[in-house]
Amino acid sequence: CFAAAGEYPEGLRIRLYSLNSTVWGVVALGAPLLGGIITDTVGWRWIFMVNVPLCGLVILLAMRGFAASKASDRRRSLPVGRAILLALSVGLVVAAPSAEIQLTLPLAAAGIFLGWLFYKYEHEAEVPVIPLSAWRGRGPVGSSLQATILIAGAYMSAGVFLSLYLQEVRGEAATQAGLVLSAGGMAWTVGSFIGAQCLSLIHISEPT
């Protein structure tokens, strides 16, 4: 989202950031609390059922939004194979540390091997799935990806470990832990609005 926003005019770009922050704020405020309530009432497995109607809604919106769109280059095929290699590589490497000890090394080795295959085919491709400059942190896409990785890693890690601490150490209910995480999500949203307003003021004060 943030990388794609670089293609928009400055005024619309700030609005796009604000809209993204608003949607994120709604999710960050409601999702942890809803997850806690579902866990305390019917069980944590039912949390995954929430995604079913949301995915259906996204599919319907996508079908409606892209119905009149035309591909810029119909001769260009989708990189399905390379996308699958990337997904499998990331999935195996992430799953390796939490797997049983006898499966950790095989999963990690398989993930690294598939990652090497992805890099090999990606390097030879005319249009890569992720531009190589992005991996190096160059350009708007690369810098945005690296910033997203750092921010998401810090925020998500804090959210996961804080929830475990509240429930396992302090004995709080899942609903109470979700309420604390919702407060963190609200702080994220407020900070995003403040940042968007600062960007807007800077844009207005710049000489044309």
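Residues numbered from 1 in each chain as written. Predicted model: local features only at pLDDT ≥ 70, side-chain atom pairs only at ≥ 80, totals over all residues. Heavy atoms only, no water.

(A) Region of interest: helix H3 (residues 80-95). Relative to the 22 Å expected for 16 residues at 1.5 Å per residue, H3 spans 22 Å between its end C-alpha atoms, a close match to the ideal helical length. All of the buried residues along H3 are Arg82, Leu85 and Ser89. Mapping the buried residues of H3 onto a view down its axis gives an arc of 55°, with all of them on the same face. Within H3, the exposed residues directed more than 90 degrees away from the buried face are Ala87 and Val94. Close packing links the buried residues of H3 with helix H4 (101-124). (Helix = DSSP H or I, 4+ residues; strand = E, 2+ residues; numbered from the N terminus. Expected span 1.5 Å × (residues − 1). Buried < 20%, exposed > 50% of the residue type's maximum accessible area, 1.4 Å probe, protein only. Arc of directions from axis to C-beta. Contact = heavy atoms within 4.5 Å.)

(B) View of a nonpolar patch on the surface. On the surface, a nonpolar cluster with roughly 430 Å² of combined accessible area is contributed by Val42, Trp46, Met49 and Val52. Mapped onto the secondary structure, tryptophan 46 falls in the loop between helix H1 (10-41) and helix H2 (51-65). For tryptophan 46, a relative accessible area of 52% corresponds to the exposed category. (Patch = residues over 30% accessible without salt bridge, like charges linked within 9 Å, V, L, I, M, F, W, Y side chains within 5 Å. Areas by Shrake-Rupley, 256 points an atom, 1.4 Å probe, with all protein chains shown as cover. Salt bridge = Lys/Arg side-chain N within 4 Å of Asp/Glu carboxyl O.)

(C) Representation of the side chain of glutamate 122. Checked against the element boundaries, glutamate 122 lands in helix H4. Overall, glutamate 122 belongs to the buried group, its relative accessible area being 2%. Discounting chain neighbours no more than four positions away, the residues touching glutamate 122 are Arg82, Pro128, Val129 and Ile130.

(D) View of the pattern of salt bridges. Taken as a whole and assessed by the stated rule, the structure comprises 2 salt bridges. For arginine 82, the salt bridge goes to glutamate 122, with nearest N and O atoms at 2.9 Å. One end of the pair, arginine 82, is in helix H3; the other, glutamate 122, is in helix H4, with 40 residues separating them in the sequence. Take arginine 82 and glutamate 122: they sit in the same class, and that class is buried. Across the salt bridge formed by glutamate 124 and lysine 120, the nearest N and O atoms sit 3.6 Å from each other. Of this pair, glutamate 124 and lysine 120 both sit in helix H4, 4 residues apart, roughly one helical turn. Taking relative accessible area as the criterion, glutamate 124 reaches 56% and is therefore assigned exposed. Residue classification places lysine 120 among the partly exposed positions, given a relative accessible area of 32%.

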